[in-house]
Amino acid sequence: MEQVVPIKAKTAQVQTLSLDRTTFEGFYSTYLPKVYNYVCYRVGDEKTAEDITAEIFMRALTHLDTYKSNRGAFSTWLFSIAHNHVVNYLRTKSRQPEVHSLDAVASITANNVAPEQAAIQSEQWRQVQAAMRELPEQQQEILALKFGVGLSNQEIAHAMKLKPNHIGVLLYRAVHALRSVLEVKEAMK
Amino acid sequence: MNPSEKADGERFAKDLDLLLANKPVAKAEDDHYEADIALARFLSQAHFEPAPLFESRLRGKLQDHLYKREVRTMSPLSVLRSLARPLLVASLSAAILFTALLFVSPDARAAVQGWAGHFVEVDSPWALLPLAKQPQSPASEVVPGTAKLAVPDVQPAPNPRSPAKQLPSPGTPPKPGSEVAPEVAQLAVPNVQPTRNLISLEAAQAKVDFKIRVPSTLPKGYKFMGVVPTPELPSSLPNTGIQAPADLPAQKTPQVAMLIFANSAGDQMMLSEMQVSEPASLDVPLPAGKGSVQNVTVNGQAAQYVEGIWTPTGWDANGNHQLHWAAENIGFDLISRTLKLDDLKAVAESIQ
């Protein structure tokens, strides 16, 4: 992931980040869609995703000076904050996230998709979201980081504190498990 | 993780990378695997757009946060806060070093005490510590057995109410044995600074109408310490607002000078000189217990020597030793707890 936040050299090995109002826009426009997408993947509710995204950005800005480049990429640091907020939210609420409303489903976009096709995709997405809630926490997380954020396997491994060569298999298991849940739900109709 | 699953996983990861890069993925023979790739393609196309209103509100909120942080960083209070810790550390270090210097160096103590004395009367624990030794004047060198003291050439304070009395000339040559020239006007105060309760000979001389006499010979080890200040008589009763009547004759300050001498062991000797208007009053004998008074002479003049002192419980024969004599309207008393007649008489006879 590209480095959009200016790096302020502190020592030869360790770098910290500086952010002011002039460099903020690059940071915001780069990371807001990714963080928001990740949170939507995890909580499944647009309104809740907005609240959590705002909390994540505020915390990142407040604690920006705690980021050290020798501990990993900035995106990893940012999504570890996002992960903690999402997990805290799910743990506090102790409930399954709600599926998307129709308005929220309508915001799932694909470029130049016909209205009928978009409606079908929205319905499919609603089913996928519901099936995703049936998966274990680790599989939900890895699917969100891969498809919601677009992190590389290396970045996912760092964020989830896993071995990089395990990520491919874990992704395969997660997608396979998701398809199995969808098939079961389809069979039950 | 079995080998086939590992192989499927690696294959899936590669195909997924192609999928996310919008590159064609080879069709698999396994339907299940193909279904998984299709699901992955669907997931990769799903994308949530944050609502424009949410995006703009969050942007404003974060920019406001950044602005406040910048203002906080640049504010004088923030700068002071950042400087407070180093300043505190530096101040404490300086205070500790200064205190250590005062303990270690008598010169530093003397300098500080002298400086502080310009503003207030120094009354601090430092006064209990020895000060730096003053360079010894040759005039104050003590000859073993018979210490010599320089005779100051200090004129009595002019008093318009009483004409100057006939006192010995300041230029009077010292007694034989005194090694100090008469023009040495300054009374050499060797080694020990006067305590804060004593004043210098010059200051005492300015308060009395008669010339204060000083001995030229002191017992071995004794040095001049200073003069006990004579209190001023108030013209009104303190704290009452009552003023003395205008027609009441002015009350004279007591014409007394009490010179203190001491040795390094702390033994003191006091020479009291009191001027009286009626010479007959000098003939009043000292109050003393029975059999404690000896009639002696000082330079051929009649004198009294008393061993003992009156206490609240009666006469204490082991008290002070006092030699009393008079000359030229001045009553002299030489008092000590340790020195006896011979020593006191030697001192008395050296007084000019």
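Residues numbered from 1 in each chain as written. Chains lettered and ligands numbered in written order. Predicted model: local features only at pLDDT ≥ 70, side-chain atom pairs only at ≥ 80, totals over all residues.

1. Considering the overall build of chain B
Logical step 1: For chain B, the count of helices and strands is seven helices and 10 strands.
Logical step 2: Within the span of chain B, comprising 352 residues, buried residues form 20% of the whole.
Logical step 3: A separation threshold of at least 6 residues defines the contact pool for chain B, and within that pool the share at least 24 residues apart is 61%. (Helix = DSSP H or I, 4+ residues; strand = E, 2+ residues; numbered from the N terminus. Buried ≥ 20, exposed ≤ 12 C-beta atoms within 10 Å, placed from the backbone. Contact = placed C-beta atoms within 7 Å.)

2. Notes on the overall build of chain A
Logical step 1: Within chain A one finds eight helices and two strands.
Logical step 2: Traced from its N-terminal end to its C-terminal end, chain A shows the element sequence β-β-α-α-α-α-α-α-α-α.
Logical step 3: Looking at chain A residue by residue over its 189 residues, the buried ones come to 37%.
Logical step 4: Across chain A, every contact between residues at least 6 apart in sequence was considered, and the portion connecting residues at least 24 apart equals 62%.

3. What about the interface of chain A and chain B?
Logical step 1: Residue-level contacts link 32 residues of chain A with 34 residues of chain B.
Logical step 2: Going through the elements one at a time, α1 (24–43), α2 (46–62), α5 (115–132), α6 (137–149) and α8 (164–188) of chain A are the ones with two or more residues in the side of chain A that touches chain B.
Logical step 3: Of the residues belonging to the side of chain A that touches chain B, the class tally is 20 nonpolar, eight polar and four charged. (Nonpolar A, V, L, I, M, F, W, Y, C, P; charged D, E, K, R; others polar.)

4. Quick word on the pairing of strand β10 (residues 330–336) of chain B
Residue and element names in this part refer to chain B.
Logical step 1: Burial of β10 is extensive: six of the seven residues sit out of reach of the surface.
Logical step 2: The pairing of strand β6 (residues 268–275) with β10 spans seven bridges and is classified as antiparallel. Along β10, the bridge assignment pairs M269 with S336. (Pairing = 2+ DSSP bridges.)

5. Some words on helix α3 (residues 74–93) of chain A
Residues spaced three or four apart along an α-helix point in a common direction, a consequence of the helix completing one turn every 3.6 residues.
Logical step 1: Between its first and last C-alpha, α3 of chain A extends 29 Å over 20 residues, near the 28 Å set by a 1.5 Å rise per residue.
Logical step 2: Listed as buried for α3 of chain A are F74, S75, T76, W77, L78, F79, A82, H85 and V86 of chain A. (Expected span 1.5 Å × (residues − 1).)

6. Description of the confidence of the model for chain A
Should the pLDDT be low somewhere, the predicted coordinates at that spot are not to be read in detail.
Logical step 1: On average, chain A scores 77 in pLDDT, and the residues at 70 or more come to 76%.
Logical step 2: The low-confidence segment residues 1–14 of chain A, where pLDDT is below 50, has 29 contacts with residues more than four positions distant or belonging to other chains. (pLDDT = per-residue confidence, 0-100.)

7. Observations concerning the environment of L78 of chain A
Logical step 1: Mapped onto the secondary structure, L78 of chain A falls in helix α3.
Logical step 2: Residue contacts for L78 of chain A: discarding those within four places in its chain leaves Y31 and A60 of chain A.

8. A word on the nonpolar core
Logical step 1: Of all hydrophobic cores here, the largest spans 51 residues; its most connected members are Y38, V39, L145 and L171 of chain A.
Logical step 2: Per-element tally for this core: the top contributor is α1 of chain A, with nine residues.
Logical step 3: Ranked by size, the runner-up nonpolar core spans 32 residues in total, among them M225, A326, I335 and L339 of chain B. (Core = buried A, V, L, I, M, F, W, Y, C linked by C-beta atoms within 7 Å.)

9. Details of the environment of V184 of chain A
Logical step 1: With respect to the helices and strands, V184 of chain A occurs in helix α8.
Logical step 2: C-alpha separation for the pair V184 of chain A and A131 of chain A, spaced 53 residues apart in sequence, amounts to 9.5 Å.

10. Re the packing of α1 of chain A against α6 of chain A
Relative orientation and spacing of two packed helices are given, respectively, by the angle between their axes and the distance between those axes.
All names here are of chain A.
Logical step 1: The geometry of α1 relative to α6 is characterised by a closest axis approach of 9 Å and an angle of 145 degrees between their N-to-C directions. Considering the relative orientation of α1 and α6, their crossing is right-handed. Touching K34, N37, Y38, C40, Y41 and R42 of α1 are Q140, L143, A144, L145, G148 and V149, all from α6.
Logical step 2: Among the residues making up the contact of α1 with α6, the classes are represented as seven nonpolar, three polar and two charged. (Axes fitted to C-alpha atoms, helices over the stretch in contact; angles between N-to-C directions. Left-handed = near helix turned anticlockwise from the far one by under 90°.)

11. Regarding unusual backbone geometry
Residue and element names in this part refer to chain B.
Logical step 1: Backbone geometry at E328 places phi at a positive 55 degrees, although glycine is not the residue there.
Logical step 2: Positionally, E328 belongs in the loop between β9 (314–327) and β10.
Logical step 3: Its identity as a non-glycine residue notwithstanding, N329 has a phi of 65 degrees, on the positive side.
Logical step 4: With respect to the helices and strands, N329 occurs in the loop between β9 and β10.
Logical step 5: With 18 C-beta atoms counted inside 10 Å, the residue N329 sits in the partly exposed group.

12. Regarding α1 of chain A
Residues and elements named next belong to chain A.
Logical step 1: Given a rise of 1.5 Å per residue, 20 residues ought to cover 28 Å, and the 27 Å separating the end C-alpha atoms of α1 matches this to within 8%.
Logical step 2: Along α1, the sharpest change in direction is near 35 degrees and occurs at Y31; proline P33 comes one to four residues later.
Logical step 3: Turning to α1, its buried residues number three or more, namely F27, Y31, V35, Y36, N37, Y38, V39, C40, Y41, R42 and V43.
Logical step 4: Residues of α1 that are buried in the fold lie against α2, α3 and α6.
Logical step 5: In the stretch just after α1, G44 is the one whose phi turns positive, near 75 degrees. (Bend = angle between axes of the 7 residues up to and from the residue.)

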